[in-house]
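# Understanding the architecture of this molecule
Given next are the chains, with one letter for each unit.
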Amino acid sequence: MLVKNYIKKLLLPRNKLIVLTMHQSSDQFDPQRNGKWIWSDTGFFEEQLKFLKSKFKLIRLSEGIEQIKKGKLKGTQVSISFDDGDISIEDFLVPLLKKHKIPATFFINTAYLNGDLRGYWYNIYNYLLHGNEKQQQVVQSMTPFYDVLRNTSNMEQYNEYRLKVEQCGEWIEKNVRFYVDFSFLKKLDPNLFEIGLHGHEHQRFSMMSGEWQKNNLLQNINHLKQFEQFRPIFAIPFGKPMDWNEETIKIARKLKLDIVLSNGGINRNFDQVIKRIPADGIEVPRIFDNLYYYAK
Ligand SMILES: [Zn+2]
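Computed from a prediction, not measured in an experiment: that's the story for all the values here.

### Overview of empty space enclosed by the protein
- Enumeration over the complete set of coordinates arrives at one cavity of 30 Å³ or more.
- Considering only enclosed or pocket space, the largest cavity measures out at about 160 Å³ in volume.
- What lines the largest cavity is a set of 15 residues, and nearest its centre among them are Gln24, Arg33, Ile38, Tyr122 and Asn123.
- Looking at the lining of the largest cavity element by element, the count peaks at three residues for helix 5 (residues 121-129).
- In terms of residue class, the lining of the largest cavity is made up of six nonpolar, six polar and three charged.
- Composition of the lining of the largest cavity by domain shows at least three residues from each of domain 1 (15-115 + 177-294) and domain 2 (118-176).

Spelled out as structure tokens, the structure:
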């Protein structure tokens, strides 16, 4: 082993919880439904699963959190999580996870499960942008609004623009499904899978009032608490530092939720929040070769 690599390895904590976060997978990229940065090819995804299974004991995130809270974390523990409740979870991911008997945690936005709301600005915009001529025409005028939504720090602007884009959801065909539904969640094998919170709606909580954030989380909980697979864990939508604020943390704590981010990073002690490493379309062995990079 190169000295440099040896030192990097020494810098890593011996006992650690690694949580990977992913979104979509299918056998063919569909620009209307799939995002370049949140998708992986199913064959590729299965290769990553096989690698993980051959190297690690895979556990559900709630088990990892429990171990870390009790200070009983031993060696490298790995959990896999999926955000948003994308329909490809039903079509591709759960069948593969079951085949390899790999546990996973699904973070679900409950507002979209019955299809009344078609989703939020991201999936609505991208579906229409790659749709038929009329749909493209409708949504093209939304591009200047869409373009600022991910990064703006102006709450008023965020809400005005996101509603403009989201209103275009009425142009999406009624039979198109973006997300799983309640009956699918109910059927998930409770011995392998668990369900956590991702907001009733998928919005940047930092752009919302405290009142909105609280009501949104309460609705999310009310819809999911009926499931035996439910765990009181909240993966903040988008999950980067600009997507939540102090209020978000305060509200989640008050509701006794464990808080999960998508900021890159590994967990060694219980540190208020659980860090996750984005892993869509990424070769998992490379993540583990470069863990020192996430250890900061
Ligand atoms: Zn998400």
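This is not the end of the story, as more comes after the structure.
### Side note on the domain arrangement of the chain
- If you check the domain split of the chain, you get domain 1 (15-115 + 177-294) and domain 2 (118-176).
- The centre of domain 1, based on its C-alpha atoms, is set 25 Å off from the matching centre of domain 2.
- Where domain 1 abuts domain 2, roughly 2000 Å² becomes buried across the two surfaces, and 54% of that area is made up of carbon and sulfur atoms.
- Our count for the contact surface shared by domain 1 and domain 2 stands at two salt bridges.
- Residue arginine 150 is joined to aspartate 243 by a salt bridge in which the shortest nitrogen-to-oxygen separation is 2.8 Å.
- Counting the contacts that link domain 1 with domain 2 gives 13 residue pairs in polar contact (both at pLDDT 80 or more).
- Of the residues assigned to the side of domain 1 that touches domain 2, the class counts are ten nonpolar, seven polar and seven charged.

### Concerning the coordination of the zinc ion
- Around the zinc ion, the protein contributes the donor atoms Asp84 (OD), His198 (NE2) and His202 (NE2), at 2.1 to 2.2 Å from the metal centre.
- When the donor residues of the zinc ion are listed from N- to C-terminus, their spacing reads D-x113-H-x3-H. A residue pair is termed long-range when its members are at least 10 positions apart, and aspartate 84 in the loop between strand 4 (76-83) and helix 4 (88-99) and histidine 198 in the loop between strand 6 (193-197) and helix 10 (210-224) qualify at 114 residues.
- Judged by its relative accessible area of 11%, aspartate 84 falls in the buried class.
- Given the relative accessible area of 0%, histidine 198 is considered buried.

### Details of the environment of lysine 70
- As for its placement among the helices and strands, lysine 70 is situated in the loop between helix 3 (61-69) and strand 4.
- Measuring from C-alpha to C-alpha, the distance between lysine 70 and phenylalanine 270 comes to 8.6 Å, with 200 residues separating the pair along the chain.

### As for the packing of aromatic side chains
- Enumeration over the complete set of coordinates arrives at 22 aromatic pairs.
- Put simply, the rings of Tyr112, Tyr120, Trp121, Tyr122, Tyr125, Tyr127, Tyr146, Tyr158, Phe178, Tyr179 and Phe238 touch in pairs and so form one group of aromatic residues.
- Positioned above the aromatic ring of phenylalanine 270, the side-chain terminus of lysine 69 is 5.4 Å from the ring centre.
- Cation over ring: lysine 164 sits above phenylalanine 145, and NZ or CZ is 5.0 Å from the ring centre.

### A few points about the packing of helix 2 (residues 42-55) against helix 4
- At their nearest, the axes of helix 2 and helix 4 sit 11 Å apart, and the two run at 30° to each other. The angle between helix 2 and helix 4 falls in the class roughly parallel. Once helix 2 is placed against helix 4, the crossing between them reads as right-handed. The residues of helix 4 that touch helix 2, namely those facing Thr42, Phe45, Glu46 and Leu49, are Phe92, Leu93, Leu96, Leu97 and Lys99.
- Within the contact of helix 2 with helix 4, the residues separate by chemical class into six nonpolar, one polar and two charged.

Conventions we followed
- Throughout this document, residue positions are counted from 1 along each chain, in the order its sequence is written.
- Local features in this predicted model are restricted to residues of pLDDT 70 or higher, and side-chain atom pairs are both shown and tallied only at a pLDDT of 80 or more, whereas totals for entire chains, interfaces and linings draw on every residue.
- As a rule here, side-chain values come from all non-hydrogen atoms in the structure, and water together with hydrogens is ignored.
- Using only the protein atoms, space was sampled on a 1 Å grid; points where a 1.4 Å probe fits but cannot get out form cavities, open sets with protein on both sides within 12 Å along at least five of seven lines form pockets, and lining residues are those with an atom within 4 Å of a point.
- Grid points are joined across faces, edges and corners, and a volume is the space filled by probe spheres set on the points.
- Going along the chain from the N terminus, every DSSP run of H or I of four or more residues is numbered as a helix, and every run of E of two or more is numbered as a strand.
- Only Asp, Glu, Lys and Arg are considered charged, only Ala, Val, Leu, Ile, Met, Phe, Trp, Tyr, Cys and Pro nonpolar, and every remaining residue, Gly among them, polar.
- For the domain bounds, the source is a domain assignment made automatically or taken from a database.
- The term buried area refers to how much accessible surface (probe radius 1.4 Å) is lost by two components on association, counted for both of them together.
- The working definition used for a salt bridge is a side-chain nitrogen of Lys or Arg within 4 Å of a carboxyl oxygen of Asp or Glu.
- The term polar contact refers here to a pair of N or O atoms within 3.5 Å; inside protein, the definition further demands a hydrogen-donor-capable atom paired with an acceptor-capable atom, and it admits residues adjacent in sequence only when both atoms are side-chain atoms.
- Think of the donor list as every N, O and S atom within 2.8 Å of the metal, or within 3.2 Å for Na, K and Ca; water never makes the list, so a site can look incomplete.
- Think of it in three bands: with a 1.4 Å probe and only protein chains considered, a residue is buried below 20% of the maximum accessible area for its type, exposed above 50%, and partly exposed in between.
- Aromatic pairing here means that ring centres of Phe, Tyr or Trp (its six-membered ring) are within 6.5 Å. Orientation follows from the plane angle: under 30 degrees is stacked, over 60 is edge-to-face, and everything else is tilted.
- Geometrically, a charge over a ring is one whose NZ (Lys) or CZ (Arg) sits within 6 Å of the ring centre while staying within 35 degrees of the ring normal.
- Axes, fitted as lines to C-alpha atoms, cover a helix only where it is in contact. Angles between the N-to-C directions of the axes lie from 0 to 180 degrees.
- Under this scheme an angle from 65 to 115 degrees is roughly perpendicular, one under 35 degrees roughly parallel, and one over 145 degrees roughly antiparallel; angles in between are oblique.
- Here a crossing is called left-handed whenever its near helix is offset anticlockwise from the far helix by less than a right angle, and right-handed whenever the offset is clockwise.
- A contact between two residues is defined here by any heavy atoms of the two lying within 4.5 Å.

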